[in-house]
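What follows is each chain in one-letter form.
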Amino acid sequence: MATDKIGTALPCSVIVQEKTLGKVEVSALNSVASMQAILNGDLHKTAIEVRDKLKKIIKEL
């Protein structure tokens, strides 16, 4: 486990906004960028996985 309390810092929030009628925008923070201040190799690998999964999910919407 990279660190057991990291969930408190991870940008797991996703924003979903209806911009115009029938047009929705989905946004999420880049987990790699937000975790740069924490020097932990395992955490960096996890942040990459989170970023890549969020990108894939948003792309498939």
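Please read all numbers here as calculations on a predicted model, not as lab measurements.

## A closer look at a nonpolar patch on the surface
Part 1 of the argument: Taken together, the side chains of Val14, Val16 and Val24 define a hydrophobic patch exposed on the protein surface, amounting to about 270 Å² of accessible area.
Part 2 of the argument: With respect to the secondary-structure elements, valine 16 resides in strand 1 (residues 14-20).
Part 3 of the argument: Under the relative-accessibility criterion, valine 16 is labelled exposed at 60%.

## Section: the pattern of salt bridges
Part 1 of the argument: Throughout the structure, instances matching the rule amount to two salt bridges.
Part 2 of the argument: A salt bridge links aspartate 52 to arginine 51; the shortest N-O distance between them is 3.1 Å.
Part 3 of the argument: Taking the relative accessible area as the measure of exposure, aspartate 52 reaches 37% and is therefore partly exposed.

## Quick notes on the pairing of strand 1
Part 1 of the argument: Alignment of strand 1 against strand 2 (residues 23-28), held across six bridges, turns out to be antiparallel. Within strand 2, the position partnered with glutamate 18 by the bridge is valine 24.

## Regarding the confidence of the model for the protein chain
Part 1 of the argument: Chain-level statistics for the protein chain give a pLDDT mean of 81 and a share of 80% at 70 or above.
Part 2 of the argument: By mean pLDDT, helix 1 (residues 31-34) is the weakest element of the protein chain at 83, and helix 2 (residues 41-59) is the strongest at 89.

## As for helix 2
Part 1 of the argument: For helix 2, which comprises 19 residues, the first-to-last C-alpha distance of 27 Å matches the rise-based estimate of 27 Å (1.5 Å per residue) to within 8%.
Part 2 of the argument: Where helix 2 is concerned, the buried positions are Leu43, Ala47 and Leu54. Buried positions in helix 2, seen along its axis, are confined to an arc of 40° and lie on one side of it. Of the exposed residues in helix 2, those oriented more than 90 degrees away from the buried face are Lys45, Lys53, Lys55, Lys56 and Lys59.
Part 3 of the argument: Where the residues of helix 2 are buried, they touch strand 1, strand 2 and helix 1.
Part 4 of the argument: For helix 2, the N-terminal capping position is held by asparagine 40, with its side-chain oxygen 2.9 Å away from the main-chain nitrogen of aspartate 42.

## Here's the deal with the environment of asparagine 40
Part 1 of the argument: Structurally, asparagine 40 can be placed in the loop between helix 1 and helix 2.
Part 2 of the argument: Only 2.9 Å separates the side chain of asparagine 40 from the backbone nitrogen of leucine 43, close enough to count as a polar contact.

The rules behind these values
Residues numbered from 1 in each chain as written. Predicted model: local features only at pLDDT ≥ 70, side-chain atom pairs only at ≥ 80, totals over all residues. Heavy atoms only, no water. Patch = residues over 30% accessible without salt bridge, like charges linked within 9 Å, V, L, I, M, F, W, Y side chains within 5 Å. Areas by Shrake-Rupley, 256 points an atom, 1.4 Å probe, with all protein chains shown as cover. Salt bridge = Lys/Arg side-chain N within 4 Å of Asp/Glu carboxyl O. Helix = DSSP H or I, 4+ residues; strand = E, 2+ residues; numbered from the N terminus. Buried < 20%, exposed > 50% of the residue type's maximum accessible area, 1.4 Å probe, protein only. Pairing = 2+ DSSP bridges. pLDDT = per-residue confidence, 0-100. Expected span 1.5 Å × (residues − 1). Arc of directions from axis to C-beta. Contact = heavy atoms within 4.5 Å. Polar contact = N/O pair within 3.5 Å; in protein donor to acceptor, adjacent residues only side chain to side chain.

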